[in-house]
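Chain residues, written in single-letter form:
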Amino acid sequence: NAGVTQTPKFQVLKTGQSMTLQCAQDMNHNSMYWYRQDPGMGLRLIYYSASEGTTDKGEVPNGYNVSRLNKREFSLRLESAAPSQTSVYFCATNSGLPGGNTIYFGEGSWLTVV
Amino acid sequence: AQSVTQLGSHVSVSEGALVLLRCNYSSSVPPYLFWYVQYPNQGLQLLLKYTTGATLVKGINGFEAEFKKSETSFHLTKPSAHMSDAAEYFCAVTPNYGQNFVFGPGTRLSVLP
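These remarks concern the structure in this document. Keep in mind that this is a model prediction, so the values were computed, not measured.

Conventions adopted
Residues numbered from 1 in each chain as written. Chains lettered and ligands numbered in written order. Predicted model: local features only at pLDDT ≥ 70, side-chain atom pairs only at ≥ 80, totals over all residues. Heavy atoms only, no water. Buried < 20%, exposed > 50% of the residue type's maximum accessible area, 1.4 Å probe, protein only. Helix = DSSP H or I, 4+ residues; strand = E, 2+ residues; numbered from the N terminus. Pairing = 2+ DSSP bridges. Salt bridge = Lys/Arg side-chain N within 4 Å of Asp/Glu carboxyl O. Phe/Tyr/Trp six-rings, centres within 6.5 Å; stacked < 30°, edge-to-face > 60°.

Some points on the pairing of strand E11 (residues 109-113) of chain A
All names here are of chain A.
Then step 1. Every second residue of E11 is oriented toward a common face, the buried set being Ser109, Leu111 and Val113 and the non-buried set Trp110 and Thr112.
Then step 2. One ladder, built from 4 bridges, connects strand E2 (residues 10-13) with E11; its direction is parallel. Residue Phe10 lies in a different strand from E11, and its bridge partner there is Trp110.
Then step 3. Sheet topology note: the strand E9 (residues 87-94)/E11 ladder contains 3 bridges and is antiparallel. Bridge pairing in E11 links Ser87 to Leu111.

So, in structure tokens, the structure goes:
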């Protein structure tokens, strides 16, 4: 049982390049999230998808786009990467059902923009 | 709106000493509360959570936390620190309908020999 799988794990981009971070879950969860983690700032929500076919902005959506391709997959795209987007990105899921749900995280994707 | 504060970005304790990591939250609705642990270069793992019922919650690796509504706190404790506890710890809150998790800034725990 893989849980939440992110690819790639490491990536170096030049300023202005584009790339897509992929996330897939095998937990049959409704909700999926993309967070970024920066030193001293904890995790900040970029976008989330409460269910297949819906996406919503989080706290820091500028410079990103997302696609909820199907129930399993939720991708994050950087159209024109900037050094400020150097960060560790985490995909996460939860069931989306009412009541004390745990959020499960992928292993992270380390992105450096030079 | 919800928010989470964690007092102390870095806490150091000696091996065998008490671990106390502080978390305070604000929430306009009854919250669910979580502690996650992150080891270097890894994702976050659930340590424990409070949903309903008993306010003292036990988690993995000997950690526990107590929900105190009057103090809007959910502090994490462990009676005796072990070297393997060195990690970053995040407190999180979500309203009881389960969306919009908000994380605190994290506390890095160092355990000294």
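Describing the pattern of salt bridges
Residue and element names in this part refer to chain B.
Then step 1. Considering all chains together, one arrives at 6 salt bridges over all chains under this definition.
Then step 2. In this structure, the salt-bridge partner of Asp85 is Lys78, at a minimum N-O distance of 2.8 Å. Grouping residues by exposure puts Asp85 and Lys78 together as buried.

Remarks on the packing of aromatic side chains
Then step 1. Applying the stated criterion across every chain yields a total of 16 aromatic pairs over all chains.
Then step 2. Residues A:Tyr35 and A:Phe105 carry aromatic rings whose centres are separated by 6.0 Å and whose planes lie at 45° to one another, so their mutual orientation is tilted. Of this pair, A:Tyr35 sits in strand E4 (residues 31-38) while A:Phe105 sits in strand E10 (residues 104-105), placing them 70 residues apart in sequence. Each member of the pair, A:Tyr35 together with A:Phe105, is buried.
Then step 3. Between A:Phe105 and B:Tyr36, the aromatic rings sit 5.6 Å apart at their centres with planes inclined by 80°, giving edge-to-face as the arrangement.

Everything listed is a geometric property; what it means functionally is a separate question.
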